[in-house]
Amino acid sequence: MPAPSASPSPSPSPAAAAAPAPVSAPLPAEGRGRGLGPVALVISAGISVQFGAALAVMIMPRAGAAGVVTLRLAAAAVVLLLLCRPKVRGHSRSDWGTVLAFGVAMAAMNGLFYQAIDRIPLGPAVTLEVLGPLALSVFVSRRLVNLLWAGLALGGVVLLSGHGGGGLGFGSLDPLGAAYALGAGAMWAAYIVFSARTGRRFPQADGLALAMAVAAVLSLPLGIVGAGSDLLVPSTLALGVGVAVLSSVLPYTLEMLALRRMPAPTFAILMSLEPAIAASAGFLVLNQAMSALDALAIALVIAASMGAVRSQIRKQPA
């Protein structure tokens, strides 16, 4: 789930929809959101995240869900630590507590999500996961209109759980896989909160790099128990690095560049498209077909996410 940057981009809204938003750079006063360049960067980042997740599903038979999480987090941590070279001195106990909480949230979010996509199709998994940031946005906003968006999202979940289709449709979801996806969504909301706090306490992407290292260390025992020596098979290791690049390093970099050229609220709305991108990746890479009701359920959750973000934007003073 969700490269070097400078200040916190995620706000308590579904700004981070399938893959968590990075700690981002401040926006310049001029040229915000002009042209299609920033939009293309955000969409490219979403495609990278979800196709990275599809690649992870393909290598799970080799290393298991826990092993893939370990490979992804460890590889991403190494890359970020080398790029950022964060300072470990001069920080308070509270700073380290924030980084630790951020790392725990990151490890839990990734671990639960990969357990989910090991059991249910990618599109439904991301659709359920995005409910976490959406719930956070509704809770923080405390606006009556956001109850409408919550109800719309609930309608999508009802379709998700009540559709009686077979195959890879929503009606055949494994209950444990769905529970893992919802748990990942809750950890995603925590990720957003602690990402923002970490960005305020650490310069550049130092906090992100340190938190990624914490997450990698926490996931390592589970990966070793689950996959053992399979983690060191060269082909599996190479694929794991590919997942790390596609799902972490590349999208975080693209999102950082986009956030320097567009307003964060616009970024948040675009990130709400993640469930649709995930469903497309599942279809193209993993042959996970969607029915009309599947697409409707995803559309309802996307509409709820976008509506909640827009409500949050209108609430903010000009």
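This part takes up the overall build of the chain. For the chain, the count of helices and strands is 11 helices and 2 strands. When the helices and strands of the chain are listed from N to C terminus, the series reads β-β-α-α-α-α-α-α-α-α-α-α-α. Taken over 318 residues, the chain has a buried fraction of 51%.

This brings us to a nonpolar patch on the surface. Together, Met58, Phe283, Leu284 and Val285 give the surface a local cluster of nonpolar side chains, amounting to about 390 Å² of exposed area. Per-element tally for the nonpolar patch: the top contributor is helix H10 (residues 274-286), with 3 residues. Mapping Leu284 onto the fold places it in helix H10. For Leu284, a relative accessible area of 60% translates into the label exposed.

Contact geometry of helix H1 (residues 37-84) with H10 gives a least axis separation of 9 Å together with a crossing angle of 45°. Taken together, the axis directions place H1 and H10 in an arrangement best described as oblique. Considering only the axes of H1 and H10, their crossing is right-handed. Contacts from Ile43, Gly46, Ile47, Gln50, Phe51, Ala54, Val57 and Met58 in H1 reach Glu274, Ile277, Ala278, Ala281, Leu284, Val285 and Leu286 in H10. Residue classes in the contact of H1 with H10 are distributed as 12 nonpolar, 2 polar and 1 charged.

The subject of this paragraph is the pattern of salt bridges. Across all of its chains, the model carries 1 salt bridge by this definition. Arg201 is the salt-bridge partner of Asp95, the closest N and O atoms lying 2.7 Å from each other. Residue Asp95 is located in helix H2 (residues 93-117), and its partner Arg201 is located in helix H6 (residues 175-201); the two are separated by 106 residues in the primary sequence. Relative accessible area serves as the criterion here: at 36%, Arg201 is assigned to the partly exposed category.

Once that is clear, we can look at the nonpolar core. Formed by 65 residues in total, the largest nonpolar core has its most connected members in Phe113, Tyr114, Ile117, Leu122 and Tyr191. Examining the composition of this core, we find that 18 residues originate from one element, H1, more than from any other. Grouped together as the second largest cluster of nonpolar side chains are 5 residues, Leu41, Val42, Leu254 and Ala258 included.

Tracing the chain through its elements places Asn110 in helix H2. Residue class for Asn110 comes out buried when judged on its relative accessible area of 1%. Looking at Asn110, its side chain comes within polar contact range of the side chain of Arg72, at 3.0 Å.

The next thing to look at is the environment of Gly132. Its place among the elements puts Gly132 in helix H4 (residues 131-141). Taking the relative accessible area as the measure of exposure, Gly132 reaches 13% and is therefore buried. Excluding anything up to four places from it in sequence, Gly132 contacts Gly185, Ala186 and Ala189.

Attention now moves to H1. Between its first and last C-alpha atoms H1 spans 26 Å; for 48 residues at 1.5 Å apiece the expected length is 70 Å, and the helix comes up short by more than 12%. By the largest-angle criterion, Pro61 marks the main kink of H1, which is about 115°.

Relative to the helices and strands, Ser48 resides in helix H1. Of the residues examined, Ser48 reaches a relative accessible area of 6% and is grouped as buried. There is a polar contact of 2.5 Å between the side chain of Ser48 and the backbone oxygen of Leu246. Setting aside anything within four residues of it in sequence, one finds Ser48 in contact with Val245, Leu246, Ser247, Leu250 and Pro251.

Across the chain, the average pLDDT comes to 75, with 72% of residues at 70 or higher. Scored below 50 in pLDDT, residues 2-35 makes 137 contacts in the model with residues more than four places away or belonging to other chains. Taken as a whole, residues 163-170 scores under 50 in pLDDT and shows 22 contacts with residues more than four places along the chain or in a different chain.

Positive phi is not limited to glycine here, since Arg85 has a value of about 45°. Assignment of secondary structure puts Arg85 in the loop between H1 and H2. Overall, Arg85 belongs to the exposed group, its relative accessible area being 69%.

In this section: the packing of H1 against helix H7 (residues 206-227). Close contact between H1 and H7 brings their axes to 7 Å; oriented N to C, the two are set at 150°. Here H1 lies roughly antiparallel to H7, going by the angle between them. Like other packed secondary-structure pairs, H1 and H7 cross with a definite hand, here left-handed. By residue class, the composition of the contact of H1 with H7 is 19 nonpolar, 5 polar and 1 charged.

What counts and what doesn't
Residues numbered from 1 in each chain as written. Predicted model: local features only at pLDDT ≥ 70, side-chain atom pairs only at ≥ 80, totals over all residues. Heavy atoms only, no water. Helix = DSSP H or I, 4+ residues; strand = E, 2+ residues; numbered from the N terminus. Buried < 20%, exposed > 50% of the residue type's maximum accessible area, 1.4 Å probe, protein only. Patch = residues over 30% accessible without salt bridge, like charges linked within 9 Å, V, L, I, M, F, W, Y side chains within 5 Å. Areas by Shrake-Rupley, 256 points an atom, 1.4 Å probe, with all protein chains shown as cover. Salt bridge = Lys/Arg side-chain N within 4 Å of Asp/Glu carboxyl O. Axes fitted to C-alpha atoms, helices over the stretch in contact; angles between N-to-C directions. Parallel < 35°, antiparallel > 145°, perpendicular 65-115°, else oblique. Left-handed = near helix turned anticlockwise from the far one by under 90°. Contact = heavy atoms within 4.5 Å. Nonpolar A, V, L, I, M, F, W, Y, C, P; charged D, E, K, R; others polar. Core = buried A, V, L, I, M, F, W, Y, C linked by side-chain atoms within 4.5 Å. Polar contact = N/O pair within 3.5 Å; in protein donor to acceptor, adjacent residues only side chain to side chain. Expected span 1.5 Å × (residues − 1). Bend = angle between axes of the 7 residues up to and from the residue. pLDDT = per-residue confidence, 0-100.

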